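Given next are the chains, with one letter for each unit.
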Amino acid sequence: MQIQVVRNILEANERIAQELKDKFLAQKVLVLNLMSSPGAGKTTLLERTLIDLKDDLKMAVIEGDVQTNNDALRVAATGVQAVQINTDGGCHLDSSMVLEAIDKIDLEHVELLFIENVGNLVCPAEFTVGEDYKITILSVTEGDDKPEKYPLIFAESKVMLLNKIDLLPYVDFNLQRASNFAKSLNPEIEIFPVSAKTGEGLDDWYQWLKKEVEKKVRG
Amino acid sequence: MHELSIAQSLLDIIKEEMAKNNVTKLLKVKIKYGQLSAIVPEALQTAFKVLTADTPLEHAKIIAEEVPLRARCRKCKKEFTPDPDEFVIIYCPYCKAEFGHEIISGKELIIEEIEAE
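Described below are features of the structure shown in this document.

Another point: the environment of B:Lys75. Residues and elements named next belong to chain B. Along the chain, lysine 75 falls in the loop between β3 (70-73) and β4 (79-80). Note: C-alpha distance between lysine 75 and valine 23 (52 residues apart in sequence) is 51 Å. The residues touching lysine 75, leaving out its near neighbours within four places in the chain, are Cys92, Cys95, Ala97 and Gly100.

Moving on: the environment of A:Asn180. All names here are of chain A. Mapped onto the fold, asparagine 180 is located in helix α7 (residues 175-184). Under the C-beta neighbour-count criterion, asparagine 180 is labelled partly exposed, with 17 such atoms within 10 Å. With 89 residues separating them in the primary sequence, asparagine 180 and cysteine 91 have C-alpha atoms 28 Å apart.

To continue, consider the interface of chain B and chain A. In this complex, chain B contributes 35 residues to the contact, which on the side of chain A involves 29 residues. Broken down by secondary-structure element, the contributors of at least two residues to the side of chain B that touches chain A are α1 (3-20), β5 (101-105) and β6 (109-116) of chain B. Here the element with the most residues in the side of chain B that touches chain A is β6(B); it accounts for eight residues. Broken down by class, the residue content of the side of chain B that touches chain A amounts to 19 nonpolar, seven polar and nine charged. The pairing of strand β1 (residues 2-8) of chain A with β6(B) spans five bridges and is classified as antiparallel. Residue A:Arg7 lies in a different strand from β6(B), and its bridge partner there is B:Ile111.

All names here are of chain B. Strand order in the open sheet made by the three strands is β4-β3-β5, with antiparallel pairing throughout. The open sheet has two edge strands, β4 and β5, and neither has a second partner. One ladder, built from two bridges, connects β3 with β4; its direction is antiparallel. If you follow arginine 72 over to β4, its bridge partner there is glutamate 79.

What counts, and at which threshold
- Residues numbered from 1 in each chain as written.
- Chains lettered and ligands numbered in written order.
- Predicted model: local features only at pLDDT ≥ 70, side-chain atom pairs only at ≥ 80, totals over all residues.
- Helix = DSSP H or I, 4+ residues; strand = E, 2+ residues; numbered from the N terminus.
- Contact = placed C-beta atoms within 7 Å.
- Buried ≥ 20, exposed ≤ 12 C-beta atoms within 10 Å, placed from the backbone.
- Nonpolar A, V, L, I, M, F, W, Y, C, P; charged D, E, K, R; others polar.
- Pairing = 2+ DSSP bridges.

Quick look at the structure:
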């Protein structure tokens with residue numbers, strides 16, 4: 001017999017994500033899902049952001065990795081509370097993993113929660129984890145064609161951080177080209193060229209973070 | 001790689017629907033996936049096989065239909081399907097606007113129908 005179904009395959013993930021969203025709204029926590037390829041500088045950028053904004057914002061981090069708690073240790077060294085999720089081979093975080101992790105965070109005292117996803121430009125884009133916004137980090141050493149090759153992740157992101165711009169003199173990376181690609185299907189995407197190493201461009205990113213926290217937490 | 005998680009979610013829905021309809025042997029599953037969703041149908045079929053090995057569900061065939069990307073130009077509001085060879089620098093075929101197309105379809109991931117006995 002034929003059975004008409006017509007259901008969203010990822011409905012279970014989206015149901016839990018909605019539960020998380022409601023919780024984050026009630027607790028007034030801005031939640032950002034950070035995504036990038038492995039090695040784009042997610043953790044370095046995060047460490048620097050945590051150190052620089054420690055006095056301005058109350059932050060916490062959920063670290064997603066396939067293995068090890070190296071990144072959670074790096075983040076914890078900044079003094080910000082960090083919880084590690086190991087996916088044991090899984091290529092992305094999903095909402096049930098985040099639901100489990102937030103039990104270990106004191107959300108009462110958090111205004112901004114970063115969820116650092118597994119390094120991967122494909123799979124994390126499909127699985128919402130209750131975030132307000134997705135943020136994609138692209139480093140200039142990866143090439144300016146990445147938004148063209150991985151359209152979904154850039155189409156879904158609120159912000160694209162172009163990291164490692166201190167290396168621009170040494171690589172063939174056209175900022176305009178990468179930006180144009182990203183804007184093609186996502187005209188409102190905000191683009192911040194930054195260097196987590198030298199600090200260049202970070203002020204604009206920090207202003208954006210403060211403005212969004214203000215909107216969610218105090219607005 | 002994420003096909004395994006998708007296959008697991010698919011399987012959960014299928015089991016629920018089969019129980020509801022009192023059927024035990026799965027023959028076919030029809031799904032629709034958007035062009036942007038980066039699903040590889042063969043990988044999904046393999047993942048599904050792995051998850052259902054030695055069960056009455058293991059021989060089911062997954063029929064996957066791709067839903068093309070459709071966009072609406074923010075400038076002239078007309079709808080169009082971008083040329084798949086010029087994927088991301090997408091020019092509106094009507095007004096030539098380069099940026100700001102809204103995605104109408106091409107992101108979906110839906111189970112449409114199952115056939116079972």
